[in-house]
Amino acid sequence: GNRIHSATLWAAATDSRNDVICTSVVLASTVFGWLTEISVDGYAGTFVAVFIMWSGFSVLRDTISPLLGQAPEQDLVRDIKETVLAHDGIIGIHDLIVHSYGPGNRIISLHAEVSSSEDMMRSHDLIDRIEREIMGKYNAVACIHMDPVDTDDERVKALRLFVEEVLAAIDQSLTLHDFRVVFGETHTNLIFDVVVPFHYKKTKDLCEEVQRRVWDTDPQLFTVATIENSYT
Ligand SMILES: [Zn+2]
Ligand SMILES: [Zn+2]
């Protein structure tokens, strides 16, 4: 059951174990009653009933929670990140999701950041190769979205650093990706996604808070932030 993470095999094992326990209890109570002439059938029966119910619920929970969506194993997440980042040409990754539909049925999706100055055909070729590597390594369907990142423009780099500092000042756990800049005469738009931890409370006010802090430094900078939850 553990080797292929199969809840069904575990359920079958639990069932067999329960049969052994229940039969033993019934047998023991019969022998006890026969030896001492005190009937414990009622107690034994109640015990068996409660035990079967408890065990049924735990099997149900193990089967249903992956379908309702549970956080992927941390080892797997780390391993996938390392696999993708091991390739030259991949600057970073984000929005990694492991969609699990039961044992052996996984879809891994992620965004891979590549340099916008790299040839698009080459970047796509690289992405395709990584997809195939993930399919082979994790026995899963892989879907990688390609995000171009401007790594050459010094102004963009400086602005990104500035926004990262603003976010860190609000909360250390906030991260940013897909940072783009639209330069204009009277104002400049900073467009980016912010990833907040799964249980982050102040998501609603975050956009305003970021804008307020950015304006403290430069009133011509406008932020267009998309807030998203971390799935890992
Ligand atoms: Zn993206
Ligand atoms: Zn492709």
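Up top is the structure.
None of these values were measured; they are calculated from a predicted model.

What counts and what doesn't
- Residues numbered from 1 in each chain as written.
- Chains lettered and ligands numbered in written order.
- Predicted model: local features only at pLDDT ≥ 70, side-chain atom pairs only at ≥ 80, totals over all residues.
- Heavy atoms only, no water.
- Donors = N, O, S within 2.8 Å, 3.2 Å for Na, K, Ca; no water.
- Helix = DSSP H or I, 4+ residues; strand = E, 2+ residues; numbered from the N terminus.
- Tetrahedral: all angles 85-135°; square planar, octahedral: opposite > 155°, others 65-115°.
- Buried < 20%, exposed > 50% of the residue type's maximum accessible area, 1.4 Å probe, protein only.
- Pairing = 2+ DSSP bridges.
- Phe/Tyr/Trp six-rings, centres within 6.5 Å; stacked < 30°, edge-to-face > 60°.
- Lys NZ or Arg CZ within 6 Å of the ring centre and 35° of its normal.
- Core = buried A, V, L, I, M, F, W, Y, C linked by side-chain atoms within 4.5 Å.
- Contact = heavy atoms within 4.5 Å.

1. Some thoughts on the coordination of the zinc ion (ligand 2)
Stage number 1. Coordination of the zinc ion (ligand 2) by the protein involves His124 (NE2) and Asp128 (OD), with metal-donor separations of 2.2 to 2.4 Å. Separated by four residues within a single helix, His124 and Asp128 lie in helix 4 (residues 120-138), roughly one turn from each other.

2. A look at the coordination of the zinc ion (ligand 1)
The reference angle at a metal is 109.5 degrees if four donors form a tetrahedron and 90 or 180 degrees if six donors form an octahedron.
Stage number 1. Within the protein, His94 (NE2), His111 (ND1), Asp147 (OD) and Asp178 (OD) serve as the donor atoms for the zinc ion (ligand 1), at 2.1 to 2.2 Å.
Stage number 2. Classification of the site at the zinc ion (ligand 1) as irregular follows from its four donor atoms and the range of 86 to 156 degrees in their angles at the metal.
Stage number 3. The sequence pattern formed by the donor residues of the zinc ion (ligand 1) is H-x16-H-x35-D-x30-D. With His94 in strand 1 (residues 92-100) and Asp178 in strand 4 (residues 175-182), this residue pair connects regions lying 84 residues apart in the sequence.
Stage number 4. Assessed through its relative accessible area of 13%, Asp178 is described here as buried.

3. Some remarks on the pairing of strand 2 (residues 106-115)
Stage number 1. Burial within strand 2 is extensive, with seven of its ten residues counted as buried.
Stage number 2. The sheet contact formed by strand 1 and strand 2 spans seven bridges and is antiparallel. In the sheet register, Val98 faces strand 2, and the bridge partner there is Ile108.
Stage number 3. For strand 2 and strand 3 (residues 141-149), the ladder comprises nine bridges, and the chain directions are parallel. Directly across from Ser115, in strand 3, lies its bridge partner Val149.

4. Thoughts on the packing of aromatic side chains
Stage number 1. Going through the model one piece at a time under the given rule, you end up with two aromatic pairs.
Stage number 2. Measuring from centroid to centroid gives 5.8 Å for Phe179 and Phe192, while their planes differ by 25 degrees, and the two rings are stacked. On the criterion of sequence distance, the pair formed by Phe179 in strand 4 and Phe192 in strand 5 (residues 188-196) is long-range, its members being 13 residues apart.
Stage number 3. Exposure remark for Phe179: the relative accessible area of 8% places this residue in the buried category.
Stage number 4. On the basis of relative accessible area, Phe192 is assigned to the buried category, the value being 0%.
Stage number 5. Summarising the aromatic geometry, the rings of Trp215 and Phe222 are spaced 5.5 Å apart at their centres and angled 85 degrees between planes, so their arrangement reads as edge-to-face.
Stage number 6. A residue is classified by how much of its surface remains accessible, and Phe222, at 31% relative accessible area, is partly exposed.
Stage number 7. Lying over the aromatic face of Phe183, Arg155 brings its terminal NZ or CZ to 3.8 Å of the ring centre.

5. Some remarks on the nonpolar core
Stage number 1. Formed by 20 residues in total, the largest nonpolar core has its most connected members in Ile80, Val84, Ile90, Ile108, Leu110 and Ile134.
Stage number 2. Where this core is concerned, the elements lending two or more residues are helix 3 (74-85), strand 1, strand 2, helix 4 and strand 3.
Stage number 3. The greatest single-element share of this core, amounting to five residues, is contributed by helix 4.
Stage number 4. Apart from the residues within four sequence positions on either side, Leu110 is in contact with Ile80, Val84, Ile93, His94, Asp95, Leu96, Ile134, Cys143, Ile144 and His145.

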